[in-house]
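So you can see what is in the structure, the chains are spelled out below.
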Amino acid sequence: GTAQIGVTGLAVMGRNLARNFARHGYTVAIHNRSYAKTESLVAEHGDDGNFVPSESMADFVASLERPRKVVIMVKAGGPTDAVIDELIPLLEEGDIVVDAGNAHFPDTIRREAALKEHGLHFVGTGVSGGEEGALNGPSIMPGGTRESYASLGPILEDISAKVDGTPCCTYVGSDGAGHFVKMVHNGIEYADMQLIAEAYDLLRQGLGASAAEIGEIFAQWNTGDLESFLIEITADVLQHVDAETGKAFVDIVLDQAEQKGTGRWTVQNGLDLGVPITGIAEATFARALSGSVPQRAAGRASLPAHVQAWEVKDRDAFIEDVRQALYASKVVAYSQGFDQIAAAAAEFGWDIDRGAMARIWRGGCIIRARFLNRITEAYERDADLPLLLADPYFTDAVASGLPAWRRVVAGAAQNGVPTPAFSSSLAYYDGVRAERLPAALVQAQRDFFGAHTYKRVDREGTFHTEWSGDRTEAEA
Ligand code: 6PG
C-alpha cells in the first residue's frame, strides 16, 4: 500500500478530516459503507490532494502503508464496534486503529484492551471543532499508547489547529484518556454556553434590551478577557434576523435545548468520582428543564413570581456587573472541569498534563478562548494545583469581580430570573472557601438515624453517639 493514512466513514466529519489530511500532503485511503460517498469525495474534492478510494474494506486496508493508520469516523456505539470487528482480521501486528468519534471513554478502554490482544494499537481520540474544524484544523486529543503516538502524533499535529505556531494536539494519556478529556471539554462547553445564555437573559430582562443590542454588548465583550469563539458566535447569532418574519432570529427558535449525551456523561462521571462539577451539571439540567414541556406548562399556568418589573438604574454598571459575573462563573466551571480531569487521572492511572490540555484547547475547538493561556500558565506555576481558582491569577481575577457577581446573583433571585449556573458557581465559590461547612450537621444527622458514625475535629478516630440511649460516645 501507498497511503499514509486511511479514513473510513465519510459523513461530513470523516470527509473533512480526509480532506484535511490530503491538503497536508498525505496520501489518504478512503472508504465508506456505501461507495457513492467515496466517489463523490474524489469527484468534488480530488483537487485537495491524493485520495486512494476503495470499495471494500479489504482493498482499503491493503492500500495502506505499514504500520497502517486507520481513522474510524462513524457513529459512536454499535456502528464503531461493527467497523472495528470488520477491521481486526484485515490488520497486522503494530497497526493503529484510531476512533475519532465522540465515543464514551469506558468503551474506548474496553476496545483498547481488546485490540491489544490482537497486537493492535487502539487510539481513542477527541476531535473538536465541528465540520469547519475537521477541515481547517481541529483540536485533537489522542489517547492510546505512547508508541502509537510516536508515528501517528506528528500527522495529527500537522492537521490540527495552530496557535502561535503550536499545534492544538498532544498526547493525552493511555487508553480512554483522550476521549475522557474530550468528554470534559464538551461538559465545559455546555457550562460555557449556559453561562452565556444566562448573561443574555439577565441583560434582556434587566435592561429590556433587544437581541441585537445584546449582540453588540457581546461583540464588545469579545475584545476583552472573555474573548472566545462562543462569545463571538453569540454576538453573531443575536444580531441575526429571521428572513421570514423579520424578527430577531433567537426569538423564533423554540426554547427547548437538546443534547447528544456528552454533557450527561460528564455529569454522570462527576457523580461517580465525587467531583462537584456544579457548573456542568446545572447546564445539563437547564437543558433538561427547558425540554420538560408538561412541567413548564403546569409551572407557567400556576406558579407566581411575586416580583415587580425589574428596573436597572445604571445601565452601563449593570452590563459591567454581568460581564464580571460571567467571567467569574466561567472560571469556576473550568476549575471544576480541570478538577474532574485530575480525579479521573488518579482513578484510571492516566498521566494527564492539565496545562497541556488548556494549551490544545486554545484553538480549533468549540471552547477556544484567549483565557485558556491563563490556565496553562497556572499549571506551569504548579502542575499539581489542587484548585485552579486558588492560582493567584484566578484568585485575583475572581476576587475583583466578586461584588458584581454577588449583585448579579442577588438581583436575579430578587427579580425571578433563573440563573442556575451563575448562582451555583457562586455557591461553589463560597463553599470551597468556607472555614466550616454545615456538612458537620449532616454527619451528626447520619449518625443519629443510622449510626453512620462521624469523625471529631479534636482527635483521631471514628465515633458513634448512643442517640436513643444515654448519649454516651463510643469509638466505632
Ligand atoms: C465539538 C463539539 C461536538 C458536539 C456538539 C454537539 O467539540 O466539536 O463538542 O463534539 O457533539 O457540540 O453537542 P450536543 O448535541 O450534546 O450539544
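Residues numbered from 1 in each chain as written. Predicted model: local features only at pLDDT ≥ 70, side-chain atom pairs only at ≥ 80, totals over all residues. Heavy atoms only, no water.

Naming follows an unreviewed UniProt entry, where the protein chain appears as 6-phosphogluconate dehydrogenase, decarboxylating of Promicromonospora kroppenstedtii. The heading Pathway (unreviewed entry) in the UniProt record of the protein chain holds the text "Carbohydrate degradation; pentose phosphate pathway; D-ribulose 5-phosphate from D-glucose 6-phosphate (oxidative stage): step 3/3." (UniProt positions renumbered as here; feature names shortened; annotations may be inferred.)

Observations regarding the packing of helix H12 (residues 262-273) against helix H13 (residues 278-290)
To describe two helices that pack against each other, one gives the angle between their axes and the distance between the axes. At a closest axis distance of 9 Å, the pairing of H12 and H13 adopts a crossing angle of 135 degrees. One finds that H12 runs oblique with respect to H13. For H12 against H13, the interelement crossing comes out left-handed. Counted together, Gly-263, Arg-264, Thr-266 and Val-267 of H12 and Ile-280, Ala-281 and Thr-284 of H13 form the full contact between these two elements. In the contact of H12 with H13, the residues fall into 3 nonpolar, 3 polar and 1 charged. (Axes fitted to C-alpha atoms, helices over the stretch in contact; angles between N-to-C directions. Helix = DSSP H or I, 4+ residues; strand = E, 2+ residues; numbered from the N terminus. Parallel < 35°, antiparallel > 145°, perpendicular 65-115°, else oblique. Left-handed = near helix turned anticlockwise from the far one by under 90°. Contact = heavy atoms within 4.5 Å. Nonpolar A, V, L, I, M, F, W, Y, C, P; charged D, E, K, R; others polar.)

Focus: the packing of helix H18 (residues 392-415) against helix H19 (residues 420-433)
At a closest axis distance of 11 Å, the pairing of H18 and H19 adopts a crossing angle of 130 degrees. As summarised for this structure, H18 and H19 are arranged oblique, according to the angle between their axes. H19 is crossed by H18, and the crossing has left-handed handedness. Residues Val-398, Leu-402, Trp-405, Arg-406, Val-408 and Val-409 of H18 pack against Phe-422, Ser-423, Ser-425, Leu-426, Tyr-429, Asp-430 and Arg-433 of H19. Here the contact of H18 with H19 is built from residues that sort into 8 nonpolar, 2 polar and 3 charged.

Considering the side chain of Asp-339
With respect to the secondary-structure elements, Asp-339 resides in helix H15 (residues 315-348). It is Arg-354 that comes nearest to the buried, bridge-free Asp-339 among opposite-charge side chains, at 4.7 Å. Ignoring anything within four residues of it in the chain, the contact list for Asp-339 reads Val-275, Pro-386, Leu-387 and Tyr-428. (Buried < 20%, exposed > 50% of the residue type's maximum accessible area, 1.4 Å probe, protein only. Lys, Arg positive; Asp, Glu negative; His and termini not counted. Salt bridge = Lys/Arg side-chain N within 4 Å of Asp/Glu carboxyl O.)

Overview of the packing of aromatic side chains
Taken as a whole and assessed by the stated rule, the structure comprises 17 aromatic pairs. Seen from their ring centres, Tyr-334 and Phe-371 are 4.8 Å apart, and the 85 degrees between their planes marks the pair as edge-to-face. With Tyr-334 in helix H15 and Phe-371 in the loop between helix H16 (354-360) and helix H17 (372-381), this pair connects stretches of sequence that are 37 residues apart. By the burial criterion, Tyr-334 is buried, and Phe-371 matches it. Cluster of aromatic residues (ring-pair linked, three or more members): Tyr-327, Tyr-334, Phe-371, Tyr-393 and Phe-394. Sitting above the plane of the Tyr-190 ring, Arg-287 keeps its charged end 3.6 Å from the centroid. Sitting above the plane of the Phe-229 ring, Arg-368 keeps its charged end 4.0 Å from the centroid. (Phe/Tyr/Trp six-rings, centres within 6.5 Å; stacked < 30°, edge-to-face > 60°. Lys NZ or Arg CZ within 6 Å of the ring centre and 35° of its normal.)

Considerations on the side chain of Asn-269
In this fold, Asn-269 is placed in helix H12. At 2.8 Å, the side chain of Asn-269 and the side chain of Gln-340 are in polar contact. Excluding anything up to four places from it in sequence, Asn-269 contacts Phe-105, Phe-180, Met-183, Gln-340 and Phe-348. (Polar contact = N/O pair within 3.5 Å; in protein donor to acceptor, adjacent residues only side chain to side chain.)

Overview of helix H4 (residues 78-87)
Turning to H4, its buried residues are Thr-80, Val-83, Ile-84 and Leu-87. Seen along its axis, H4 keeps its buried residues to an arc of 100 degrees; they face one direction. Along H4, the residues that are exposed and aim more than 90 degrees away from the buried face are Gly-78 and Asp-85. Tucked into the core, H4 has its buried residues touching strand E1 (5-8), helix H3 (57-62), strand E4 (69-72), strand E5 (96-99), helix H5 (105-117) and strand E6 (121-128). (Arc of directions from axis to C-beta.)

Some points on the pattern of salt bridges
Inspection of every chain in the model, using the stated rule, returns 26 salt bridges. Across the salt bridge formed by Asp-95 and Arg-66, the nearest N and O atoms sit 3.4 Å from each other. A residue pair is termed long-range when its members are at least 10 positions apart, and Asp-95 in the loop between H4 and E5 and Arg-66 in the loop between H3 and E4 qualify at 29 residues. We classify Asp-95 as buried; its relative accessible area is 0%. Residue classification places Arg-66 among the partly exposed residues on the basis of a relative accessible area of 43%. One salt bridge connects Arg-407 with Asp-321, and the closest N-O pair in it is separated by 2.7 Å.

Observations concerning the site of the ligand
Near the ligand, the surroundings consist of 14 residues, among which Ser-128, Lys-182, Glu-189, Tyr-190 and Arg-287 are the closest. At 2.9 Å from an oxygen atom of the ligand is found a main-chain nitrogen or oxygen belonging to Gly-129. Within the contact set of the ligand, an oxygen atom lies 2.5 Å away from a side-chain nitrogen or oxygen of Tyr-190. With the chains in place, 80% of the 420 Å² that the ligand exposes on its own is no longer accessible. (Near = heavy atom within 4 Å. Areas by Shrake-Rupley, 256 points an atom, 1.4 Å probe, with all protein chains shown as cover.)

Describing the pairing of E1
Side-chain alternation along E1 places Ile-5 and Val-7 on one buried face and Gly-6 and Thr-8 on a second face that is also buried. Relative to strand E2 (residues 28-31), E1 runs parallel, the two being bridged by 4 bridges. In the strand pairing of E2, Ile-5 is matched with Val-28. Here 3 bridges tie E1 to E4, and the two strands are oriented parallel to one another. Within E4, the residue paired with Gly-6 across the bridge is Val-70. (Pairing = 2+ DSSP bridges.)

Here's the deal with helix H7 (residues 146-159)
Over its 14 residues, H7 runs 19 Å from end to end, which matches the ideal 20 Å to within 8%, given 1.5 Å per residue. Here H7 has its buried residues at Ser-148, Tyr-149, Leu-152, Gly-153, Ile-155, Leu-156 and Ile-159. (Expected span 1.5 Å × (residues − 1).)

Structural notes on the environment of Leu-202
Mapped onto the elements of the fold, Leu-202 is located in helix H8 (residues 177-207). Taking the C-alpha atoms as reference points, Leu-202 and Val-417, 215 residues apart in sequence, are found 7.0 Å from one another.

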